[in-house]
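# Notes for the structure review
Here are the chains, one letter per residue:
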Amino acid sequence: MRRWMRIAALVAGLTAAPTAFADTIDVNGVMRSYTVQLPAKRAVPLVVVLHGKTQRGADMIARTAWPQVAKREGFAVAFPDGLNHAWADARTKAGPALRGPPPGTDDVAFIAKLVEKLVANGTADPKRVYVTGISNGGAMAMTLACARADLFAAAASVVMNLTDEAAVTCHPSRPLPMLIMNGTADPLVPYEGGRGSSYFAADGFWSTEETLAFWRKLNGCEIDDGEVTDLPGRATTDQSTVTRISSRCPSGHDVVLYRVNGGGHRMPGFAPDARFPRVATGLLGPQNGDIDGAETIWAFLSQFR
């Protein structure tokens, strides 16, 4: 009952909001929780949004524009919850002070079962299912793109790079369009690779350039950059700008990087992504306000089916 009340409170600010409800699903004997927002129509696009470590799906509902974008565009959006507020992505080293999910957690099976459920009950169009995530959720989105490319039409990762562990196990069944959105001043997942400056940072990250090159190679793209576009600076006080870097790829294999110049370990947005923005800036770096992450990601994902 308390969970239902929390979800109701989170969506109360949406005038005439689509149906939003919390539910659970059994995955290998473990009950896994998620929240889904559904439009009135059936067989619609579905976006699975994965939270970062220490968060829950409710944080993505409250701190991103995904509910509003989904309502306006008429697609379904699911916000799953990771165990211990974390995801079991392809990495095993999660940082010194932040524990991951319980050993044996199979989050690939969880997300796959969730997608299959929403397709089977007529909610989602199986040709228009997408996955995105931030930080640990971004790593999980890439893990799903590697392990279950058959389920998704495209993917997007925010403030995350690959590691040797993640790359060596990545063998997607087909090329999958990929958007990457990383900040050059990220203290947790350094843009240039290695270990971030934060105490909570893990080591062994590839650089964003190496991560971009990896997805380009998987998707049969040319190695060098395509168009490089500096986007208009809408927010003059956010200490950052955005550059969009495209790739020369076969049709439908697109790989795009949104480089947030001076941006931190944050989801770009027109509204604050944290309850205490000043504290978040001190710990995670600046949030960019020139683009909105959800709006930008949906514009990319919705091209593919």
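Please refer to the structure placed before this passage.
Residues numbered from 1 in each chain as written. Predicted model: local features only at pLDDT ≥ 70, side-chain atom pairs only at ≥ 80, totals over all residues. Heavy atoms only, no water.

## Describing the packing of helix 4 (residues 107–120) against helix 5 (residues 136–147)
This is how it is decided: In this description, a line fitted to the C-alpha atoms serves as the axis of each element, helices being fitted only across the stretch in contact, and the angle between N-to-C directions of two axes falls anywhere from 0 to 180 degrees. A helix here means a DSSP run of H or I that spans at least four residues, while a strand means a run of E at least two residues long, and both kinds are numbered starting from the N terminus. Orientation categories follow fixed angle ranges, with anything under 35 degrees roughly parallel, anything over 145 roughly antiparallel, 65 to 115 roughly perpendicular, and all other angles oblique. The contact definition used throughout considers only heavy atoms, calling two residues in contact when any of these lie within 4.5 Å. Note on residue classes: Ala, Val, Leu, Ile, Met, Phe, Trp, Tyr, Cys and Pro are nonpolar, Asp, Glu, Lys and Arg are charged, and everything else, Gly too, is polar.
For the pair helix 4 and helix 5, the least separation of the axes is 10 Å and the interaxial angle reads 75°. Accordingly, the angle class assigned to the pair helix 4 and helix 5 is roughly perpendicular. Of the residues in helix 5, those in contact with Asp107, Val108 and Ile111 of helix 4 are Met140, Thr143, Leu144 and Ala147. Per-class residue counts for the contact of helix 4 with helix 5 are five nonpolar, one polar and one charged.

## As for the state of the cysteines
Selection criterion: Here, two cysteine sulfur atoms that lie within 2.5 Å of each other are counted as a disulfide. Only protein chains enter the accessibility calculation, which uses a 1.4 Å probe; a residue whose area is less than 20% of its type maximum is buried, one above 50% is exposed, and one in between is partly exposed.
On inspection of all chains with the given rule, the structure shows two disulfides. One disulfide in the model links Cys146 with Cys170; its S-S distance is 2.1 Å. Measuring handedness by torsion sign, the sulfur bridge of Cys146 and Cys170 sits at about -85° and is left-handed. With a gap of 24 residues between them, Cys146 in helix 5 and Cys170 in the loop between helix 6 (164–168) and strand 7 (178–183) connect regions that are remote in the sequence. Across the pair, Cys170 and Cys146 agree in class, each one buried.

## Some words on the pattern of salt bridges
Using the following cut-off: Salt bridges, as used here, are contacts in which a Lys or Arg side-chain nitrogen is within 4 Å of a carboxyl oxygen on Asp or Glu.
What the rule picks out here adds up to 14 salt bridges. One salt bridge in this structure joins Asp23 and Lys117, with 3.2 Å as the shortest N-O distance. Linking Asp23 in strand 1 (residues 19–27) with Lys117 in helix 4, this pair joins segments that are 94 residues apart in sequence. The class for Asp23 is partly exposed, based on a relative accessible area of 28%. Classification of Lys117 as partly exposed rests on a relative accessible area of 28%. A salt bridge links Arg91 to Asp89; the nearest nitrogen and oxygen atoms lie 2.9 Å apart. On the accessibility criterion, Arg91 (16% relative accessible area) is buried. In the salt-bridge network here, residues are joined through shared partners; they are Arg72, Glu73 and Glu295.

## Some points on the packing of aromatic side chains
The condition that has to hold: A pair of Phe, Tyr and Trp rings is counted when the ring centres sit within 6.5 Å of each other, with Trp represented by its six-membered ring. The angle between the planes then sorts it: under 30 degrees is stacked, over 60 is edge-to-face, the rest tilted.
Applying the stated rule across the entire model yields seven aromatic pairs. Ring plane angle 75° and centroid distance 6.3 Å describe the contact between Trp66 and Phe75, whose orientation is recorded as edge-to-face. There is no split in this pair, since Trp66 and Phe75 are both buried. Ring centres of Phe75 and Trp298 lie 4.0 Å apart, and the angle between their planes is 25°; on these two criteria the pair is classed as stacked. Taken together, the positions of Phe75 in the loop between helix 3 (66–73) and strand 4 (76–80) and Trp298 in helix 9 (residues 293–301) put the pair 223 residues apart, joining distant regions of the chain. Residue class for Phe75 comes out buried when judged on its relative accessible area of 1%. A relative accessible area of 9% places Trp298 in the buried class.

## As for the pairing of strand 10 (residues 255–261)
Quick note on the threshold: Strands qualify as paired when DSSP identifies two bridges or more between them.
Burial runs high along strand 10: five of the seven residues are buried. As judged from the six bridges shared by strand 7 and strand 10, these two strands associate in the parallel manner. Paired with Ile180 across the two strands is Leu257, which belongs to strand 10.

## Some details on a nonpolar patch on the surface
Inclusion rule: Patches here are clusters of residues that have more than 30% relative accessible area and form no salt bridge, with a 9 Å joining cutoff for like charges and a 5 Å cutoff for nonpolar side chains (Val, Leu, Ile, Met, Phe, Trp, Tyr). In this description, accessible areas are obtained by the Shrake-Rupley approach with a 1.4 Å probe, and a residue is regarded as covered only by the protein chains that are shown.
A contiguous nonpolar patch, built from Phe276, Val279 and Leu283 and spanning about 320 Å² of accessible area, is present on the exposed surface. Note on placement: Leu283 falls in helix 8 (residues 277–284). Given the relative accessible area of 56%, Leu283 is considered exposed.

## Some words on the sheet that holds strand 9 (residues 241–247)
Spatially, the ten strands line up as an open sheet ordered 1-2-4-3-5-6-7-10-9-8, and their pairing is mixed. With one partner strand each, in any of the chains shown, strand 1 and strand 8 (225–230) form the two edges of the open sheet. Neighbour to neighbour, the strand axes of the sheet diverge by 20° on average, direction disregarded. Here strand 8 pairs with strand 9 via four bridges, running antiparallel. Residue pairing in the sheet places Asp230 in a bridge with Thr243 of strand 9.

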